[in-house]
Amino acid sequence: MSLIRITVGPLTFTARWEDEAAPKTCAAFRAQLPFKNKIIQARWSGEAAWIPLGDLNLGLGFENNTCYPSRGDILLYPGGFSETEILFPYGSTNFGSKMGQLSGNHFLTLVDGRDQLPELGRLVVWEGAQDIVFESMA
């Protein structure tokens, strides 16, 4: 199983790459590692945080996409109707934007740190933008 470490502020998570279901998305994101950015509370998607990526074009279409990710299922929206983004659900989520319903590529699944998801939500809601780092675990 291929793993990745995700650090959000003081929290550390481990996720599994969804290589079989989303091979192109996984490969495109791996090429970005280590990936550092800010994560904030999502505006329209419910209990989720997001990383806005603007007009970043990774050359992706849809694969293993969903509108209703489970908590800990991380999505990459490749752009189109809305800007490119990463969605990090910490609770009940219905992925959307001001344009309406969105569907993102489920490319990472948390395997360690799920117990910290409520704290992730508290951090982005009450303390604002948090640093986030995605790092390979060789």
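Residues numbered from 1 in each chain as written. Predicted model: local features only at pLDDT ≥ 70, side-chain atom pairs only at ≥ 80, totals over all residues. Heavy atoms only, no water.

(A) How the structure looks around the nonpolar core. Core analysis: the biggest nonpolar cluster contains 31 residues, and Ile-6 and Phe-88 have the highest contact counts within it. Those residues in contact with Phe-88 that lie beyond four places of it in its chain are Ile-6, Val-8, Phe-13, Ile-39, Ala-48, Ala-49, Ile-74, Leu-110, Leu-117, Leu-120 and Ile-132. (Core = buried A, V, L, I, M, F, W, Y, C linked by side-chain atoms within 4.5 Å. Buried < 20%, exposed > 50% of the residue type's maximum accessible area, 1.4 Å probe, protein only. Contact = heavy atoms within 4.5 Å.)

(B) Main features of unusual backbone geometry. Pro-34 follows Leu-33 through a cis peptide bond whose omega is -10 degrees. With respect to the helices and strands, Pro-34 occurs in the loop between helix H1 (23-30) and strand E3 (35-41). (Helix = DSSP H or I, 4+ residues; strand = E, 2+ residues; numbered from the N terminus.)

(C) Summary view of the pattern of salt bridges. Taken as a whole and assessed by the stated rule, the structure comprises 5 salt bridges. Between Arg-16 and Glu-18 there is a salt bridge, with the nearest N and O atoms lying 2.7 Å from each other. Residue Glu-18 is classed as buried on the basis of its relative accessible area, which comes to 14%. Arg-122 is the salt-bridge partner of Glu-127, the closest N and O atoms lying 2.9 Å from each other. Take Arg-122: its relative accessible area is 33%, and that puts it in the partly exposed class. (Salt bridge = Lys/Arg side-chain N within 4 Å of Asp/Glu carboxyl O.)

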